[in-house]
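Listed here are the chains, written in short residue letters.
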Amino acid sequence: MKKVITFGTFDIFHVGHVNILERARALGDYLIVGISSDELNFSKKGRNPVYSIAERLKIISSLRFVDEVFVEESLELKAQYLRDFDADVLVMGDDWKGKFDIYKDICDVVYLERTPSISTTEIIEVVRQPRDN
Ligand code: C2G
């Protein structure tokens with residue numbers, strides 16, 4: 001069984017997240033998703049996620065092409081996660097291109113094109129815009 005693993009915050013879930021998870025799963029037989037804890041997101045992005053870790057775990061695990069989810073506590077634990085889950089392929093969006101090549105001694109590393117013009121940050125900004133009506 002070819003095990004694929006990927007990581008992310010997946011806050012304010014959107015089609016860009018669906019696209020990367022669906023394509024990641026298509027590279028193997030089993031998809032594991034490490035979901036950043038609230039604290040890790042704060043350290044990565046300087047803000048708490050809008051959706052709690054419990055909500056983000058529930059949303060991602062509800063997808064038919066996701067087989068397993070866990071909480072990603074730290075970026076520094078990535079090698080341990082890859083080994084613990086016995087991953088064959090690490091998949092990330094190409095905004096991370098090159099950043100995880102150091103794990104090529106543990107598993108294959110594949111960067112997939114991000115879905116253009118959608119991001120959690122943009123959605124938050126649009127929602128915050130004052131209504132002109
Ligand atoms: N993504 C995408 N297209 C978008 C937005 C996001 O393909 N329009 C991908 C990202 O490239 C990433 C995944 O969706 O692979 C999750 O994105 P984020 O929730 O922003 O995750 P990130 O902060 O990149 O966390 O250990 C790695 C980090 O936890 C990754």
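Just so it is clear, the model here is predicted, and its values are computed rather than measured.

Chemist: Help me understand the UniProt feature "domain: Cytidyltransferase-like" (unreviewed entry) in the protein chain, please; the structure alone is not making it clear to me.
Modeler: Cross-referencing UniProt, the feature "domain: Cytidyltransferase-like" (unreviewed entry) maps to residues 5-125 in the present numbering. Across residues 5-125, the secondary structure splits into 34% helix and 21% strand, with the terminal C-alpha atoms separated by 30 Å.

Chemist: Can you help me understand the packing of aromatic side chains in this one?
Modeler: Working definition: an aromatic ring pair is given by the centre-to-centre distance plus the angle between the planes. Considering all chains together, one arrives at six aromatic pairs under this definition. Judged by centre distance (5.1 Å) and plane angle (15°), the rings of Trp-96 and Phe-100 are stacked. Take Trp-96: its relative accessible area is 26%, and that puts it in the partly exposed class. For Phe-100, a relative accessible area of 8% corresponds to the buried category. Between Phe-100 and Tyr-103, the ring centres sit 6.0 Å apart and the planes meet at 40°, which makes this aromatic pair tilted. In this structure, Phe-100 and Tyr-103 share a single accessibility class: buried. Cluster of aromatic residues (ring-pair linked, three or more members): Phe-7, Phe-70, Tyr-81 and Phe-85. In this structure, Lys-78 is placed above the aromatic ring of Phe-7, and the distance from its NZ or CZ to the ring centre is 4.3 Å.

Chemist: Explain the site of the ligand here, please?
Modeler: Surveying the vicinity of the ligand reveals 22 residues, the closest of which are Glu-72, Lys-78, Asp-95, Trp-96 and Ile-118. Here Thr-9 contributes a backbone N or O atom positioned 3.0 Å from an oxygen atom of the ligand. For the ligand, the protein covers 96% of the area, taking 630 Å² as the surface of the free molecule. Those elements that provide at least two residues to the shell around the ligand are β1 (3-8), α1 (15-25), α2 (38-45) and β4 (89-93).

Chemist: Whenever I open this one, the layout of surface pockets confuses me. Can you help?
Modeler: Over the atoms, a rolling probe the size of a water molecule traces out where space has been left empty. The computed volume of the largest pocket comes to approximately 560 Å³. Along the walls of the largest pocket sit 31 residues, with His-17, Lys-45, Asp-95, Trp-96 and Arg-114 positioned nearest its centre. Of all the secondary-structure elements, those providing two or more residues to the lining of the largest pocket are β1, α1, α2, β4 and α5 (120-128). Per-element accounting of the lining of the largest pocket gives the leading share, four residues, to α1. In the lining of the largest pocket, the residues fall into eight nonpolar, 13 polar and 10 charged.

Chemist: I would appreciate a short explanation of the side chain of Lys-3 in the present structure.
Modeler: Its place among the elements puts Lys-3 in strand β1. Among buried charged residues, Lys-3 stands out as having no salt bridge; its nearest opposite-charge side chain is Asp-86, 5.1 Å away. Setting aside chain neighbours within four positions, we find Lys-3 in contact with Tyr-30, Ile-32, Phe-85, Asp-86, Ala-87, Asp-88 and Val-89.

Chemist: Even after reading the chapter, I still don't get the pattern of salt bridges, so can you show me in this structure?
Modeler: Proximity of charged atoms lets side chains of opposite charge pair with each other. Under the defined criterion, the tally for this structure stands at seven salt bridges. Here Arg-64 ties to Glu-22 by a salt bridge, and the two come within 3.9 Å at their closest N and O atoms. In this pair, Arg-64 is assigned in the loop between α3 (53-61) and β3 (68-72) and Glu-22 in helix α1, connecting sequence segments 42 residues apart. Judged by its relative accessible area of 72%, Arg-64 falls in the exposed class. Residues Arg-114 and Asp-95 are paired through a salt bridge, measuring 3.0 Å at the closest nitrogen-oxygen approach. Remark: Asp-95 occurs in the loop between β4 and β5 (108-112) and Arg-114 occurs in the loop between β5 and α5; sequence separation between them is 19 residues.

Each value, and the rule that gives it
Residues numbered from 1 in each chain as written. Predicted model: local features only at pLDDT ≥ 70, side-chain atom pairs only at ≥ 80, totals over all residues. Heavy atoms only, no water. UniProt positions renumbered as here; feature names shortened; annotations may be inferred. Helix = DSSP H or I, 4+ residues; strand = E, 2+ residues; numbered from the N terminus. Phe/Tyr/Trp six-rings, centres within 6.5 Å; stacked < 30°, edge-to-face > 60°. Buried < 20%, exposed > 50% of the residue type's maximum accessible area, 1.4 Å probe, protein only. Lys NZ or Arg CZ within 6 Å of the ring centre and 35° of its normal. Near = heavy atom within 4 Å. Polar contact = N/O pair within 3.5 Å; in protein donor to acceptor, adjacent residues only side chain to side chain. Areas by Shrake-Rupley, 256 points an atom, 1.4 Å probe, with all protein chains shown as cover. 1 Å grid on protein atoms, 1.4 Å probe; cavity = no way out; pocket = protein on both sides within 12 Å on 5 of 7 lines; lining within 4 Å. Points joined across faces, edges and corners; volume = space filled by probe spheres on them. Nonpolar A, V, L, I, M, F, W, Y, C, P; charged D, E, K, R; others polar. Lys, Arg positive; Asp, Glu negative; His and termini not counted. Salt bridge = Lys/Arg side-chain N within 4 Å of Asp/Glu carboxyl O. Contact = heavy atoms within 4.5 Å.

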